[in-house]
Amino acid sequence: MPQITVKDLCKSYHTNHYTVNAVDHVTLTISEGEAVAIVGPSGSGKSTLLNMIGLILQPDSGSIRIDEQEAVKLNDSSKSALRNRMFGYVVQDFALLDDETVYSNIRIPLLYNQEIKCREYKSRIHAAAECLGISDKLHRKAAKLSGGERQRVAIARSIVCDQPMILADEPTGSLDAANKEKVMSILMKLCREKKKTLIVVTHDRSVAEQCDRIIQMKDGKVTV
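Residues numbered from 1 in each chain as written. Predicted model: local features only at pLDDT ≥ 70, side-chain atom pairs only at ≥ 80, totals over all residues. Heavy atoms only, no water.

Participant: Run through the confidence of the model for the chain, naming residues and quoting values.
Facilitator: The predicted model of the chain averages 92 in pLDDT, with 99% of residues at 70 or higher. Taken element by element, the predicted model of the chain shows its lowest mean pLDDT in helix 6 (residues 177-193) (88) and its highest in strand 3 (residues 35-39) (97). (pLDDT = per-residue confidence, 0-100. Helix = DSSP H or I, 4+ residues; strand = E, 2+ residues; numbered from the N terminus.)

Written as structure tokens, this is what we have:
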């Protein structure tokens, strides 16, 4: 059964002189536990599509069903609750608070999750850190970490609430070859062993080819 069903999804941006169809009538399904890469040149609509699937960006039209629930027409509070329950998010620039510790950075999603009790925070943070091999970095300031370590903190933050889906926007874009391989190994391990659904936006074909399926985009449309 599909975990995500996107139908006829559209998003445009308008200026005084022209209209950009960032996502143009996209239809696709993603199954539970599947690892999917969305690839395409810069400006093809990859990140816009990911942000709509992740309920960060509102589409102009179309349908997004997540676990059989139609998400597009939900009000903001219901959409936020669904997003927090279903998605862990990894971004290219890590989005860490440099003056805070690794522990505090990983804790951030827990503060917004109304279903997880405060008494669970410590065990969840330590479990996520151990999974990513950064237990010894928990009390270090994020600014003191290497690029690969920062990305692992970002991934730990994305799984600390144990949501069933991970959305990763260019997760290896700022990393060298060795750290790129480590990060993808971690993401694929989470997908295989924890049965998480993984959606990766990337311009890197070697990253995409590690996933179960590749969705190619060009000019806002799915071409393959």
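Participant: I'd like a description of the packing of helix 3 (residues 102-111) against helix 5 (residues 147-159), backed by residues and values.
Facilitator: One way to put it is that helix 3 packs onto helix 5 with a least axis distance of 7 Å and a crossing angle of 35°. Considering how the two elements wind past one another, helix 3 and helix 5 form a crossing that is right-handed. Listed contacts from helix 5 to Val-102, Asn-105, Ile-106 and Pro-109 of helix 3 are Val-153, Ala-156 and Arg-157. Split by residue class, the contact of helix 3 with helix 5 holds 5 nonpolar, 1 polar and 1 charged. (Axes fitted to C-alpha atoms, helices over the stretch in contact; angles between N-to-C directions. Left-handed = near helix turned anticlockwise from the far one by under 90°. Contact = heavy atoms within 4.5 Å. Nonpolar A, V, L, I, M, F, W, Y, C, P; charged D, E, K, R; others polar.)

Participant: Could you give me a rundown of the pairing of strand 6 (residues 87-90), with the residues and numbers involved?
Facilitator: Residues Phe-87 and Tyr-89 point to one face of strand 6 and Gly-88 and Val-90 to the other, with burial holding for every one of them. Where strand 6 lies against strand 7 (residues 165-169), 4 bridges are found, and the strand directions are parallel. Among the inter-strand pairings, Tyr-89 is bridged to a residue of strand 7, identified as Leu-167. (Buried < 20%, exposed > 50% of the residue type's maximum accessible area, 1.4 Å probe, protein only. Pairing = 2+ DSSP bridges.)

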